[in-house]
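The lines below spell out each chain.
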Amino acid sequence: MDSIHIYGGNLLKGETRIQGSKNAVLPILAATLLVKGTCIIKNCPRIADVYHMQNLLQELGCLVSWAGNTVTVNAAQASDNRMSGESVTRMRSSIMLLGAMLGRMGEVVMSYPGGCVIGRRPIDIHLAALRKMGVEIEEEEHMFTARAVRLQGAEVKLPFPSVGATENVILAAVLAEGTTVLENAAREPEIAALCEFLAAAGADMEGIGSGRLVIKGADRLHEVKYTVPADRIVAGTYMTAAMAAGGSIFLEQAPSNQLGALLKAAEEMGCCVTINKEGIGMDVLRRLKALPYLKTEVYDGFPTDLQSPMMAVMALADGQGIVEENIFENRFRVVGDLVKMGADIETVRNKAYIRGVEKLTGAAVEAEELRGGAALAVAGLAAEGRTVIKNRHFIERGYEDICRDLRDLGADASIG
Ligand code: UD1
């Protein structure tokens, strides 16, 4: 149980539709707290992290219901201001409720999210930015209380363009008194999605999609209907599946304008990519050439969330390559299992040295986190024989039904 079984070694052939974006919908769900009425969110992925956010909103007093992939949230009665230790540690991105709860309730008592297997993930940047906006924060060993009688617009410059801190500042700023100018904001597309949702609800925002956001505080937001954009990381994962296993696939809704770094790498390695307004097509008809150097960076550099799936691709490419991880300090945990499947990878600090092998062999492996787990599925599709990936639940945090999607793409994948 809780596993995925893949019989690999066959070329992929088929098409699938890309689900809504996890990293966009989570802050958008947090933002519904700022609307004293009903928000209708379409194309919401049915994934574990979204269900967890739903539970948190319900604990705070929101009414949440589903119909297909549409979620309706009514936050009119939300009133609780405590977030327990377990809620926060189960999903680190619960931290993005901090800015929204400050905007709505003015006070939050929350546990520290703590680290996770991919890195320490502190929240110092979030807290320093919120302090600038008039938030008083009392820190205890495991909990902190954040309080603002009235949130104040401020000039905030982030020391690093943290995605979560950018989202928290935005969420705190939309109902603050005065104008917030946020410099060195993260430019990940999911932040633009959050801003578009808030603008549709009546927030006054300039600079959407850029590193400088100007947000004029509004008195209130109004009810809104919004469609979540497609998930670039899911699309990217399935592209790496074709790159590793070979074949011809089409990814409906895949956002090519957000996948520039991966598309560039794919073409350099020898993939044939076709882009049209319906999505992305990829033909991989021969063994790919190694990519000499790949480093993860903030958007629009190569995304850290695709680094592990890409390592599975590079494990099979012709030649040697280096992958440098610059965002999270502990994101090579999947290497042990890739080596077990026959890959030749050595890691030294934040670099992985990969010598491409001609084949991988199916094995019993274990997902330890979301994207590393997806990388094992990518490797399993390319490997000869059967791969059993334990701890499927990590993968289900971000992929609605990875086996269904991979079967659409011609793979032999099932849950077990
Ligand atoms: C978000 C994404 C995640 C993605 C990451 C980087 C969501 C739900 N998650 O995570 O999928 O991999 O962006 O694109 O959207 N840091 C600090 N102090 C802080 C905040 C961050 O040191 O206060 C560090 C982190 O430990 C990490 C780096 O900055 O090493 C990047 O973190 P951040 O951009 O905040 O990522 P998340 O929002 O956690």
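Since this is a predicted model, take the numbers as computed values, not measurements.

Engineer: What is the right way to read the site of the ligand from this model?
Structural biologist: Close to the ligand lie 18 residues; Asp-124, Ile-125, Ser-162, Asp-305 and Ile-327 are nearest. Within the contact set of the ligand, an oxygen atom lies 3.0 Å away from a side-chain nitrogen or oxygen of Asn-23. Relative to its unbound accessible area of 740 Å², the ligand is 87% covered by the protein chains. At the level of secondary structure, the elements contributing two or more residues to the shell around the ligand comprise α5 (124-132) and α6 (163-173). Counting residues per element, the shell around the ligand draws most heavily on α5, at three residues. When residues of the shell around the ligand are sorted by domain, at least three fall in each of domain 1 (3-19 + 230-415) and domain 2 (22-227).

Engineer: What is the right way to look at the side chain of Asn-168 in this model?
Structural biologist: If you trace the backbone, Asn-168 turns up in helix α6. Polar contacts involving the side chain of Asn-168 include one to the main-chain carbonyl oxygen of Ile-95, which spans 3.2 Å. Within the structure, Asn-168 has its side chain in polar contact with the side chain of His-126 (distance 2.9 Å). Setting aside anything within four residues of it in sequence, one finds Asn-168 in contact with Ile-95, Met-96, Leu-98, Gly-99, His-126 and Leu-130.

Engineer: What am I meant to see in the environment of Glu-384 here?
Structural biologist: When you line up the elements, Glu-384 lands in the loop between α12 (370-382) and β23 (385-390). The exposure class of Glu-384 is partly exposed, given its relative accessible area of 43%. For Glu-384 and Met-341, which are 43 residues apart along the polypeptide, the C-alpha to C-alpha distance reads 9.5 Å. Beyond its immediate chain neighbours, meaning those up to four positions away, Glu-384 contacts Gly-8, Lys-359, Leu-360, Thr-361 and Gly-362.

Engineer: I keep staring at unusual backbone geometry and nothing clicks. Help me out?
Structural biologist: Peptide bonds are mostly trans, and most non-glycine residues show a negative phi. In this structure, Asp-300 follows Tyr-299 across a cis peptide bond, with omega equal to 10°. Note that Asp-300 resides in the loop between β18 (293-295) and α10 (307-314). Positive phi, close to 60°, is recorded for Asn-184, a residue that is not glycine. The residue Asn-184 is located in the loop between β11 (179-183) and α7 (189-200) in this model. Look at Asn-184 and you get partly exposed, because its relative accessible area is 30%. Although it is not a glycine, Arg-349 adopts a positive phi angle of roughly 50°. Structurally, Arg-349 is set in the loop between β20 (344-348) and β21 (351-355). Look at Arg-349 and you get exposed, because its relative accessible area is 76%.

Engineer: Can you walk me through the pattern of salt bridges in this structure?
Structural biologist: Two side chains carrying opposite charge are able to pair once their charged atoms lie near each other. What the rule picks out here adds up to 21 salt bridges. Salt bridges sharing partners connect three or more residues here, namely Lys-22, Asp-49 and Arg-397.

Engineer: Would you mind going over the packing of aromatic side chains with me for this structure?
Structural biologist: Any two aromatic rings considered together are summarised by their centre-to-centre distance and by the angle between their planes. One pass over the structure, following the stated rule, counts four aromatic pairs. Ring centres of Tyr-112 and Phe-144 lie 5.1 Å apart, and the angle between their planes is 45°; on these two criteria the pair is classed as tilted. With Tyr-112 in the loop between β7 (107-111) and α5 and Phe-144 in strand β9 (residues 143-147), the pair connects residues that are 32 residues apart, well separated along the chain. Consider the rings of Phe-197 and Tyr-226, whose centres lie 5.8 Å apart with planes at 90°: the pair is edge-to-face. On the criterion of sequence distance, the pair formed by Phe-197 in helix α7 and Tyr-226 in strand β14 (residues 224-227) is long-range, its members being 29 residues apart. When its relative accessible area of 0% is taken as the criterion, Phe-197 is described as buried. Overall, Tyr-226 belongs to the buried group, its relative accessible area being 10%.

Parameters at a glance
Residues numbered from 1 in each chain as written. Predicted model: local features only at pLDDT ≥ 70, side-chain atom pairs only at ≥ 80, totals over all residues. Heavy atoms only, no water. Near = heavy atom within 4 Å. Polar contact = N/O pair within 3.5 Å; in protein donor to acceptor, adjacent residues only side chain to side chain. Areas by Shrake-Rupley, 256 points an atom, 1.4 Å probe, with all protein chains shown as cover. Helix = DSSP H or I, 4+ residues; strand = E, 2+ residues; numbered from the N terminus. Domains from an automatic or database assignment. Contact = heavy atoms within 4.5 Å. Buried < 20%, exposed > 50% of the residue type's maximum accessible area, 1.4 Å probe, protein only. Salt bridge = Lys/Arg side-chain N within 4 Å of Asp/Glu carboxyl O. Phe/Tyr/Trp six-rings, centres within 6.5 Å; stacked < 30°, edge-to-face > 60°.

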